[in-house]
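Structure assessment
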Amino acid sequence: MVIDNNESISVAIDSGVIYLFMPNHCRGLVCLKYSHGFQSKPVLINYGWLNNTLLGCMSNIHILKEGDKWYGIAFITGTENRSRIVRLEFGNSLNNIPKGKEIMIYNGSQLASQIYMTRVNGALFGYGVDRRDNGFTQINFGNSVMNTPEFTFLKVPYRKCEFCVIS
């Protein structure tokens, strides 16, 4: 079974081929590749743990393109307020097997199980809800996924029982 308690999926389209990337608790990173749209039968690609760079509880995967290169950002939740971020480098095609490189160990509060990525004025940001501390963790990559991100905690001015997120 490919989908086992996944809370995160990243969809990317490269040269008309649809890729669905998912963290898998038993297998590491897996992908469903639809060569002719969602009407075609998907091919399962099991990337595994990529030489143990993805080992742990991978909570999120995000796939994005910068220039002519494809990248992934994998968030691996940790224990005792220690989480990891791994950058995946696919090169110029998602058909390539990615190379995983740990870019940061985050020793702040534990990263949220779901992180939302967006670009604002060219800068790449990630946001995770931190319900324990009543706010958001902002992850700022600056203008490139190749940068080491900076973390900022954004406090929400509500009591915990009033704070909820709508996506």
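Our structure is the block above this text.
What comes next concerns the included structure. (Residues numbered from 1 in each chain as written. Predicted model: local features only at pLDDT ≥ 70, side-chain atom pairs only at ≥ 80, totals over all residues. Heavy atoms only, no water.)

Thoughts on the pairing of strand β2 (residues 17–24)
- Counted residue by residue, β2 has 8 buried out of 8 residues, so it is predominantly covered.
- Where burial is concerned, the two faces of β2 agree: the one with V17, Y19, F21 and P23 and the one with I18, L20, M22 and N24 are both buried.
- Direction of pairing for strand β1 (residues 10–14) relative to β2: antiparallel, over a ladder of 5 bridges. Paired with D14 across the bridge in β2 is V17.
- Taking the residues between adjacent antiparallel strands as the criterion, β1 and β2 are bridged by 2 residues, where S15 takes a positive phi near 55 degrees.
- Pairing geometry for β2 and strand β3 (residues 28–34), over 7 bridges, is antiparallel. Following the sheet pairing, P23 is matched in β3 by L29.
- Connecting β2 to the antiparallel partner β3 that follows it, the hairpin turn spans 3 residues. (Buried < 20%, exposed > 50% of the residue type's maximum accessible area, 1.4 Å probe, protein only. Helix = DSSP H or I, 4+ residues; strand = E, 2+ residues; numbered from the N terminus. Pairing = 2+ DSSP bridges.)

Description of the sheet that holds strand β6 (residues 69–77)
- Across the sheet, 4 strands lie side by side as β5-β6-β7-β8; this open sheet has antiparallel pairing. At either margin of the open sheet sits one strand with a lone partner, and together these are β5 (57–66) and β8 (99–106). Each neighbouring strand pair of the sheet contributes to a mean axis angle of 20 degrees, computed without reference to strand direction. (Axes fitted to C-alpha atoms, helices over the stretch in contact; angles between N-to-C directions.)

Observations concerning the nonpolar core
- Counting 19 residues, the largest nonpolar core has F21, L29, L54, I63, L88, F90 and L94 as its most contacted members.
- Elements that contribute at least two residues to this core include exactly β2, β3, β5, β6 and β7 (83–91).
- Ranked by size, the runner-up nonpolar core spans 14 residues in total, among them F75, I115, F141 and F151. (Core = buried A, V, L, I, M, F, W, Y, C linked by side-chain atoms within 4.5 Å.)

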